[in-house]
Amino acid sequence: MATFFWVLLFLLTFSDSLVCVRGLGVGINYGQIANNLPPPSRVANLLKSVNISRVKLYDADPNVLSAFANSDVEFVIGLGNEYLQKMTDPVQAQSWIQQRVQPYISLTKITCITVGNEVLTGNDTQLKSYLIPAMQTVYGALSNLGLSKEIFVTTAHSFGILSNSYPPSAGAFRQDLAEYIQSILNFHAQTDSPFLINAYPFFAYKDDPEQISLSYALFQPNSGMIDPLTNLHYDNMLYAQIDSVYSAIKALGHTDIQVKVSETGWPSKGDQNEVGATPENARLYNGNLLRRIEQSQGTPGKPSVPVDIYFFALFNEDLKTGPLSERNYGLYYPDGTPVYNIGLQGFRPRMDYSSSERNVISFFICFVLSMAFSLCA
């Protein structure tokens, strides 16, 4: 009977490995503009079950940070645009960190603070003028508290800050934003912090589906494009977009700043004019990108630097305004079931296997049991 027990134990271990997901350095945006989301404690269980190790918040929700205590998840937390003016005051910046960061960092890993989101592509000129002073002041407050070595300070930009992105080697920032961006780049170089970009090939495809290859946007097999200035071959739009940002940064005199993608994704549903917003396209985009990340793949322009991304988003958020797509970027429904399957599994009531997997597992169970009974006979 001892032999039979160990064979069964081996069987259970092996069968579990058929459906587990390898731990990946995958990041995800955890937005909460919804009235039907699960509590943070259940979200923590979901992310643990799918081995997602990095989370980006748009605030510093204490309920979320507490729920992830003693986990291995690394957090990017956010200071909303409404805080920028206050954060230019050193006293208020330090008070915010003491209240919203320090109480949690002994148990929850906080690695980065984003000061504002897509500020430079907004219409508020005053807000733009607050951005770099706020970043500097928050960094100064972290330094005063001895935290600047473990927590980066940055901001997230819309891809709309570029005036040109094609070909990638000719990437350039908008001239009207050059003054702001130059100061931000100097800050990143001084503090060794990353430049964050929100990049969505979906937008480019939606706006010009006749000229842009869907396969190129979705990481599907395609002939791609060759940059005529570098002869580098690109087989997908996201990597071309990332390299165009690197080129724009280089044009302003910096080669020592890493670009990270703070948001990217594809909606599973959209309005009638949002061409390409389907569950299948969303599955292909996010699933194919996930496999690239698994391979630690770099862009053609930075082949030795693995692409660093945060998927947008964890859940569909039913209270977001704007087009229908805005409420349908989630990988999961609020009940934890996947909107589509990209290789991650969630906290569903039971695990569903495909018919082929069921056949393999059934055959293996029968085979091992027959061996076990033979050994015990």
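Everything numeric in this text was worked out from a predicted model, so none of it was measured.

J.: Which residues make up the overall build of the chain, and what are the values?
T.: Per the secondary structure count, the chain includes 12 helices and 12 strands. A total of 377 residues make up the chain; the buried ones form 48% of that total. Across the chain, every contact between residues at least 6 apart in sequence was considered, and the portion connecting residues at least 24 apart equals 69%. Counting only carbon and sulfur atoms, one obtains 52% of the accessible surface of the chain, whose full area is about 17800 Å².

J.: Pulling in residues and values, what's your account of unusual backbone geometry?
T.: The residue after Tyr166, namely Pro167, is reached through a cis peptide bond having omega -10°. As for its position among the elements, Pro167 is in the loop between strand E6 (162-164) and strand E7 (172-173). Its identity as a non-glycine residue notwithstanding, Phe219 has a phi of 65°, on the positive side. In this fold, Phe219 is placed in the loop between helix H9 (214-217) and strand E9 (225-226). Its identity as a non-glycine residue notwithstanding, Ser296 has a phi of 55°, on the positive side. Along the chain, the position of Ser296 falls in the loop between helix H11 (279-294) and strand E12 (309-311).

J.: Describe the packing of helix H5 (residues 90-100) against helix H6 (residues 125-144), naming the residues involved and giving the relevant values.
T.: Taken N-terminus to C-terminus, the directions of H5 and H6 make an angle of 60°; their axes are 9 Å apart at the nearest point. With respect to H6, the element H5 is oriented oblique. Seen from above, H5 lies across H6 with right-handed handedness. Contact with H5, carried on its side by Pro90, Ala93, Gln94 and Ile97, involves Thr137, Val138, Ala141, Leu142 and Asn144 of H6 and no other residues of that element. When its residues are assigned to classes, the contact of H5 with H6 shows six nonpolar, three polar and no charged.

J.: Any details on H5? Residues and values, ideally.
T.: Buried residues of H5: Ala93, Trp96 and Ile97, and no others. Angular distribution of buried residues about the axis of H5 spans 95°; they occupy a single face of the element. Summarising the geometry of H5, the exposed residues directed more than 90 degrees from the buried face are Val91 and Gln99. Tucked inside the fold, the buried residues of H5 contact strand E3 (74-79), helix H4 (84-87), strand E4 (109-117) and H6.

J.: Which residues make up the layout of surface pockets, and what are the values?
T.: There is about 720 Å³ of room inside the largest pocket. Along the walls of the largest pocket sit 32 residues, with Tyr58, Asn117, Glu118, Asn198 and Glu263 positioned nearest its centre. Per element, the largest residue contribution to the lining of the largest pocket is three residues, and it comes from E4. In terms of residue class, the lining of the largest pocket is made up of 13 nonpolar, 12 polar and seven charged.

J.: A description of the environment of Ser183 should follow, citing residues and the corresponding values.
T.: Locating Ser183 in the fold gives a position in helix H7 (residues 178-191). For Ser183 and Leu131, which are 52 residues apart along the polypeptide, the C-alpha to C-alpha distance reads 10.0 Å. Reaching out from Ser183, the side chain makes a polar contact with the backbone oxygen of Glu179 at a distance of 3.4 Å.

J.: Give me the side chain of Ser325: which residues, what numbers.
T.: Mapped onto the elements of the fold, Ser325 is located in the loop between E12 and helix H12 (355-376). What makes Ser325 buried here is its relative accessible area of 2%. Within the structure, the side chain of Ser325 is placed 2.5 Å from the side chain of Glu274, a separation counted as a polar contact. Ser325 has contacts with Pro267, Lys269, Gly270 and Glu274, leaving out every residue within four places of it along the chain.

J.: Which residues make up the packing of aromatic side chains, and what values go with them?
T.: The full count for this structure, using the stated rule, is 14 aromatic pairs. For the pair Phe202 and Phe203, a centre-to-centre distance of 5.8 Å together with 55° between the ring planes defines the contact as tilted. The buried category is assigned to Phe202, whose relative accessible area is 0%. A network of ring pairs unites the aromatic residues Tyr200, Phe202, Phe203, Tyr205, Phe219, Tyr239, Trp266, Tyr285, Phe312 and Tyr329 as a single cluster. A cation over an aromatic ring shows up here: Arg54 above the ring of Tyr310, its NZ or CZ 4.7 Å from the ring centre. The residue whose ring lies beneath Arg292 is Tyr239, and the NZ or CZ to ring-centre distance is 5.8 Å.

J.: Outline H6, listing residues and values.
T.: Taking 1.5 Å of rise per residue, the 20 residues of H6 would be expected to cover 28 Å, and the 30 Å separating its terminal C-alpha atoms lies within 8% of that figure. Largest kink in H6: about 30°, centred on Leu131, with the proline Pro133 one to four residues after it. The complete set of buried residues in H6 reads Leu127, Lys128, Tyr130, Leu131, Ile132, Ala134, Met135, Thr137, Val138, Ala141 and Leu142. Buried positions along H6 lie against E3, H4, H5, E4, strand E5 (152-158) and H7. The opening residue of H6, the one whose side-chain oxygen lies 3.1 Å from the backbone nitrogen of Gln126, is Asp124. Residue Gly146 follows H6 closely and has a positive phi angle near 75°.

J.: Residue-level account of the pattern of salt bridges, with values.
T.: Evaluated as defined, the whole model comprises eight salt bridges. The shortest N-O distance in the salt bridge between Asp176 and Arg174 comes to 2.7 Å. For Asp176, a relative accessible area of 49% gives the class partly exposed. Taking relative accessible area as the criterion, Arg174 reaches 23% and is therefore assigned partly exposed. As a salt-bridge pair, Glu326 and Lys320 come within 3.4 Å of each other at their nearest N and O atoms. When its relative accessible area of 16% is taken as the criterion, Lys320 is described as buried. Through salt bridges with shared partners, one network takes in Arg54, Lys260 and Asp308.

What counts as what
- Residues numbered from 1 in each chain as written.
- Predicted model: local features only at pLDDT ≥ 70, side-chain atom pairs only at ≥ 80, totals over all residues.
- Heavy atoms only, no water.
- Helix = DSSP H or I, 4+ residues; strand = E, 2+ residues; numbered from the N terminus.
- Buried < 20%, exposed > 50% of the residue type's maximum accessible area, 1.4 Å probe, protein only.
- Contact = heavy atoms within 4.5 Å.
- Areas by Shrake-Rupley, 256 points an atom, 1.4 Å probe, with all protein chains shown as cover.
- Axes fitted to C-alpha atoms, helices over the stretch in contact; angles between N-to-C directions.
- Parallel < 35°, antiparallel > 145°, perpendicular 65-115°, else oblique.
- Left-handed = near helix turned anticlockwise from the far one by under 90°.
- Nonpolar A, V, L, I, M, F, W, Y, C, P; charged D, E, K, R; others polar.
- Arc of directions from axis to C-beta.
- 1 Å grid on protein atoms, 1.4 Å probe; cavity = no way out; pocket = protein on both sides within 12 Å on 5 of 7 lines; lining within 4 Å.
- Points joined across faces, edges and corners; volume = space filled by probe spheres on them.
- Polar contact = N/O pair within 3.5 Å; in protein donor to acceptor, adjacent residues only side chain to side chain.
- Phe/Tyr/Trp six-rings, centres within 6.5 Å; stacked < 30°, edge-to-face > 60°.
- Lys NZ or Arg CZ within 6 Å of the ring centre and 35° of its normal.
- Expected span 1.5 Å × (residues − 1).
- Bend = angle between axes of the 7 residues up to and from the residue.
- Salt bridge = Lys/Arg side-chain N within 4 Å of Asp/Glu carboxyl O.

Interpretation note: all reported values are geometric properties and have no functional meaning in isolation.
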